[in-house]
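For reference, the chains in residue letters:
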Amino acid sequence: MTRRQRTTRPFLICLQLLLALPAAGVAQAVDTAGTGAIIAEAMDHSEVMANLRELSDVIGPRLSGSPAARRANDWTAQRFRDYGLSATLESYPFGVTWERGTASLRLVAPFTRQITAHSWAWTAGTSGRTLRGPVVLADLSTPDSLARYKSKVRGAWVLPRSSFPLWNPDGPAMTAADSANLKEAMRIRQSITADTTPAAVYARRQYTLDLPYVLKAGGALGTLVDGAKEHALMTMSGSPNRVSPLPNLVISHEDYAMLERQVVAGAAPRLEGRAANVMGRVPVQQWNTVAEIAGSQPGQVVILGAHLDSWDLGQGVTDNGTGSMVVLEAARALARSGLKPRRTIRFILFTGEEEGLLGSRAYAAAHAADADSVQAVLVLDNGTGAITGQALQGRDELAGLWHDLLAPLASLGADSVRSGSKSGTDHLSFLPYGIPGFNFDQLPRGYFHTHHSESDTYDKAVADDLKQAAAVMAVTAYELANLEELLPRGPKREPEKVPTTPSAAVTTH
């Protein structure tokens, strides 16, 4: 062993031991003074259900780009002002609007029956025609599988993949074989998106964007979407970033599975369908509602957020009228408590969330220069259920701090802190800028039955849960606003690149 080796080896051993240790926690004293007043205001004087009723029963569903979405922006801005906050609307480029028209679908062979159908958002209608043809089952999940089925779609209604098995919730428990079959189906479905590198994600999104143009060029009549919920509930999605020139109709899982069985059995199902939708021709602006309680030491902010837009099969209550009205109620509780936060607390009701986090992405990009002055972003977007705690979104070093933040809320059942990342909601838009972003954990309360479906209605809201959620959001925002220091920044990266137009190879057809 050389002298250099003798000198460096102990250093390397120490370094390896240090790297093996868990990340050090972030230690800051949490000031809980005043949290009792906030909790009392939210729990004992709540206006959350009255506001939710106005939003859902008077304004109604709030599809981004619709007049109702703008009415919701204006109404919420005024409600913030009624509570003593400053409020404004911030615009962002959205894309073309889309208006749902009537849709009808009828099975004409091997027997006749009306099938309930709804147009997938931002997809074309049938130009006043009734389109008749056979049903074909294909696998269009990848470009390779598309190549195998492309020649079979001409003049046909297309099932673009096999239905995913849904277990009868009223039937007997799964056997071991049933569980194994479900696990294998899930493995196959998940394998398509297993590669999460930016290039692979972008390629999949581009393929999804191109697919309806390829099918239209191949002569397909239209495509069908599995409703993917039990008891004939539907699901809904779509985006101005994924405009389709081909009719695309959502049908119930039960009807989708029936058509699949008929095709496999050689029963030759045939459909006739018609849809009337109105696609905008010129890109438009949409708005986020932004309000705030000014801090005593301006320059830094805590953001509470939820999305105000919804799908339009129901009333958009659990997704996400509840979340947006909880944020409004948290603002009311803080304002009425008379407490003055050190940092400004900003309340943002985003639109365009359902179309791909468009409003929050636009807000985060427009305010990127201020990212290092944002203490944290706290979002609520998992239905009407009470908050149970916080998922750390990869920031496990903040576990101790979150335990302290939630300590005053233990009697409300909101004291769980777990290592986990939440997906699919507006907090994600802020992470590329290094801003700590979180989406609260909530009781499920049937969320995955109601969201995006015709069953997403006011009667599903749970009043006591929403009062509790408002108290939790208000308290944690106030505590974060009063911490001595900013939270450590997360890793920064380029925001995801999202394709918005078909590739050149498709548009030349």
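As shown above, the structure is provided for reference.
Residues numbered from 1 in each chain as written. Predicted model: local features only at pLDDT ≥ 70, side-chain atom pairs only at ≥ 80, totals over all residues. Heavy atoms only, no water.

Caption draft 1: Local environment of the packing of aromatic side chains. If you walk through the whole model with that rule in mind, you get 9 aromatic pairs. On the numbers, 6.2 Å between centres and 55° between planes, the contact of Tyr-363 with Phe-430 is tilted. Highlighted residues: Tyr-363 in helix α10 (residues 358–366) and Phe-430 in the loop between β17 (416–418) and β18 (437–442), separated in sequence by 67 residues. Overall, Phe-430 belongs to the buried group, its relative accessible area being 2%. Ring geometry for Trp-402 and Phe-440: centres 6.1 Å apart, planes at 90°, overall edge-to-face. One end of the pair, Trp-402, is in helix α11 (residues 399–406); the other, Phe-440, is in strand β18, and 38 residues separate them in sequence. On the basis of relative accessibility, which here comes to 0%, the residue Phe-440 falls in the buried class. These aromatic residues form a ring-pair network of at least three members: Phe-94, Trp-98 and Trp-122. (Phe/Tyr/Trp six-rings, centres within 6.5 Å; stacked < 30°, edge-to-face > 60°. Helix = DSSP H or I, 4+ residues; strand = E, 2+ residues; numbered from the N terminus. Buried < 20%, exposed > 50% of the residue type's maximum accessible area, 1.4 Å probe, protein only.)

Caption draft 2: Here's a closer look at the nonpolar core. Counting residues in each nonpolar core, the largest one holds 64 residues, and the members touching the most others are Phe-80, Phe-347, Leu-378, Trp-402 and Met-473. When residues of this core are assigned to their parent elements, the largest contribution, 11 residues, is made by helix α13 (residues 463–481). The residues touching Leu-378, leaving out its near neighbours within four places in the chain, are Ile-303, Leu-304, Gly-305, Trp-402, Phe-438, Phe-440, Met-473, Thr-476, Ala-477 and Leu-480. Membership of the second largest hydrophobic core comes to 17 residues, among which are Leu-105, Leu-107, Leu-131 and Leu-221. (Core = buried A, V, L, I, M, F, W, Y, C linked by side-chain atoms within 4.5 Å. Contact = heavy atoms within 4.5 Å.)

Caption draft 3: The environment of Phe-438, seen in detail. One can find Phe-438 in strand β18. Residues Phe-438 and Asp-426, 12 residues apart in the sequence, show an inter-C-alpha distance of 9.1 Å. For Phe-438, the residues in contact, after removing those within four places along its chain, are Ala-376, Val-377, Leu-378, Val-379, Gln-390, Ala-391, Leu-392, Gln-393, Leu-398, Trp-402 and His-427.

Caption draft 4: A look at the sheet that holds strand β7 (residues 157–159). Strand order in the open sheet made by the 8 strands is β4-β3-β10-β6-β7-β8-β9-β5, with mixed pairing throughout. The open sheet is flanked by β4 (113–115) and β5 (117–119), the only strands paired with a single partner. Between one strand axis and the next, the sheet turns by 35° as a mean value, whatever way the strands run. Taken together, the 2 bridges between β7 and strand β8 (residues 222–226) define a ladder with parallel strand orientation. Paired with Trp-157 across the strands is Gly-222, a residue of β8. (Pairing = 2+ DSSP bridges. Axes fitted to C-alpha atoms, helices over the stretch in contact; angles between N-to-C directions.)

Caption draft 5: Quick look at α11. When we look at burial in α11, the residues that qualify are Leu-401, Trp-402, Leu-405 and Leu-406. Buried residues of α11, viewed axially, fall in a sector of 130°; they line one side. Contacts from the buried residues of α11 go to β15 (374–379), β16 (387–391), β17, β18 and α13. (Arc of directions from axis to C-beta.)

Caption draft 6: Summary view of the environment of Ala-138. One can find Ala-138 in the loop between β6 (131–137) and α5 (143–149). Residue Ala-138 is classed as buried on the basis of its relative accessible area, which comes to 6%. Between the alpha carbons of Ala-138 and Gly-101 there is a distance of 27 Å; along the sequence they are 37 residues apart.

Caption draft 7: Representation of the side chain of Gln-390 in the model. Residue position: Gln-390 is located in strand β16. Assessed through its relative accessible area of 0%, Gln-390 is described here as buried. Contact partners of Gln-390, with chain neighbours within four places excluded, come to Trp-402, Leu-406, Ser-416, Val-417, Arg-418, Phe-438, Asn-439, Phe-440 and Asp-441.

Caption draft 8: How the structure looks around unusual backbone geometry. With omega at 10°, the peptide bond leading from Ala-109 into Pro-110 counts as cis. The topology assignment puts Pro-110 in the loop between β3 (103–109) and β4. Cis geometry is adopted by the peptide bond preceding Asn-320, which originates at Asp-319 and carries an omega value of 0°. Tracing the sequence through the fold places Asn-320 in helix α9 (residues 317–337). For Leu-357, which is not a glycine, the phi torsion comes out positive at approximately 55°. Even without a glycine there, the phi angle at Gln-393 is positive, about 55°. Within the secondary structure, Gln-393 is located in the loop between β16 and α11.

Caption draft 9: Seen up close, the environment of Ala-275. Relative to the helices and strands, Ala-275 resides in strand β10 (residues 270–275). A sequence separation of 27 residues divides Ala-275 from Asn-248, and the C-alpha atoms of the two residues are 9.0 Å apart. Among residues more than four places away in sequence, those in contact with Ala-275 are Thr-102, Ala-103, Ser-119, Gly-125, Thr-126, Ser-127 and Leu-249.

Caption draft 10: Inspection of the packing of helix α4 (residues 67–82) against α9 at higher detail. Remark: α4 packs on α9, axes separated minimally by 9 Å, with the N-to-C direction vectors making an angle of 15°. It follows from the interaxial angle that α4 and α9 lie roughly parallel. Crossing handedness for the pair α4 and α9: right-handed. From α4, Trp-75, Thr-76, Arg-79, Phe-80 and Asp-82 reach across to α9, where they touch Met-325, Leu-328, Ala-331 and Arg-336. (Parallel < 35°, antiparallel > 145°, perpendicular 65-115°, else oblique. Left-handed = near helix turned anticlockwise from the far one by under 90°.)

No statement about biological role is implied by the geometric values presented.
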